[in-house]
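Structure assessment
If you want the building blocks of each chain, they are given just below.
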Amino acid sequence: MTATSTAHSAPEKAPSIASALATTTTIQILSTMTALALTGIAPLVAGQFGLAPHYVGYQISVIYAAGTFASAMAGTLIQHRGPVQVEQLALACFGTALLLLTSASPWLALLASMVIGLGYGVQNPASAQILGAVTPPHRRSLIFSIKQAGVPIGGVLAALLIPAMAGWLGWRTTFVVGAVPCFAMIGVLALKGGPQRPPAPATISVWRGFIYEQRLVWGKAPLRVLAMLGMLYSSLQLSLSAFAVIMLVEHHWSMVEAGLVAGAVQACGALGRVSWGGLGDRYGGFTVLALIGVVSMACMIALWWLDTLPAVVAIGVLCIFGFCMSGWNGVVMAECTHHCAPEDAGRVIGGSLVYTFIGVMIGPAAMATIYGLCGDYGTSFLLVSWVAGLGALLAARASLAARD
């Protein structure tokens, strides 16, 4: 009788795979849309902030600099408060940041970018803990990749929906409207619940938690490679997201045409995540990650001829680039869970995401700097194409080592 009553009165109930996937994917969409909210309308609103459009690259880097710090303490937060409350904290950050951006103040925009980064840095480890608790190992690449498809879907909304709504409602009202689902999802999470919160440790030390997570990541060769792949590939992924519209406008496309192409690139990224996830379960994550690097490098080299390529070919190159470079995340996260204990999934992913955020922090800022020196985005992508090649080489070596 007592046991039955206790079971029925448990405060938190683990959701089904479908429920957990729907919730975490929605949060991923909202987080990415918030992070990229300014990229699709940068040519339109940059002047109101008193900045040039290409400064959006630095804004993305600020977001991920804060995300690096947040990811480093995500595992400790999850251990202390549980993944559901950490997800709610992230959503509160996104909604608040969108409201701050309506000020058009560069200083408040800087604060908003840091707040977005804090939320972005903790939401992926929390989502991984929620999904890892309900997903069997043989389906993790696919399930995690479906969840990570929320990134390019959020990018599509940032590239298409935000500019369209900005033209209709004004960009400030658009950001206020965008904050509403962020706050609403806090209530949804409260109703759905999630994995039971672990007993809180006697003492909370972010520094000790960070050191523990880094020991987990660096203690195994596959996890070390995955951390480095996250850094290399994320630097290129966010460079594409941040500069796709601005690059095409510079090459004499209209902002509407550029936005449509950027939306198509993000849509291909969503398809890529699911496709690469399925291939990762079948052929191995490292094999898939090597192929992603090779094809992405070829696309970046092709962008050097953007002015001379027929429009349909240019769109095809960008879409293939998006299919690959927005498709690696779920495979990396799922592969991480194969090399750690289930209870450490959130900590390992939080520890490895530190390097992903470092990559994003460096990538767009480096692209903005290279563009400032050479004055052409196609040349800028050509000059950093070696990054994709290095990622392919690391993944290929890890794949061979796994077969030995």
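In this text, all values refer to a predicted model and were calculated from it rather than measured experimentally.

**Description of the overall build of the protein chain**
Counting secondary structure elements, the protein chain contains 18 helices and zero strands. Computed over C-alpha atoms, the radius of gyration of the protein chain comes to 20 Å, within 12% of the 22 Å expected from 2.2 N^0.38 for 404 residues, which places it in the range of a compact globule. When its C-alpha atoms are laid out on the principal axes, the protein chain stretches across 75 × 55 × 35 Å. Counting the 404 residues in the protein chain, one finds 56% classified as buried.

**Quick look at the side chain of Ser 235**
Turning to its location among the elements, Ser 235 is positioned in helix α11 (residues 221-250). By relative accessible area, which is 11% here, Ser 235 ends up buried. Engagement of the side chain of Ser 235 in a polar contact is seen with the backbone oxygen of Leu 232, the distance being 2.6 Å. Contacts of Ser 235, omitting those with residues within four sequence positions, involve Gly 359, Val 360, Gly 363, Pro 364 and Val 387.

**Here we look at the packing of aromatic side chains**
Across all of its chains, the model carries nine aromatic pairs by this definition. Relative to Phe 381, the ring of Phe 321 has its centre 6.0 Å away and its plane inclined at 85°; by these criteria the two rings are edge-to-face. Separated by 60 residues along the polypeptide, Phe 321 in helix α14 (residues 311-325) and Phe 381 in helix α17 (residues 377-383) bring together distant segments of the chain. For Phe 321, a relative accessible area of 0% puts it in the buried group. Connected via pairs of aromatic rings, a cluster forms that spans Phe 49, Trp 171 and Phe 175.

What counts and what doesn't
- Residues numbered from 1 in each chain as written.
- Predicted model: local features only at pLDDT ≥ 70, side-chain atom pairs only at ≥ 80, totals over all residues.
- Heavy atoms only, no water.
- Helix = DSSP H or I, 4+ residues; strand = E, 2+ residues; numbered from the N terminus.
- Rg over C-alpha atoms; globule rule 2.2 N^0.38 Å.
- Buried < 20%, exposed > 50% of the residue type's maximum accessible area, 1.4 Å probe, protein only.
- Polar contact = N/O pair within 3.5 Å; in protein donor to acceptor, adjacent residues only side chain to side chain.
- Contact = heavy atoms within 4.5 Å.
- Phe/Tyr/Trp six-rings, centres within 6.5 Å; stacked < 30°, edge-to-face > 60°.

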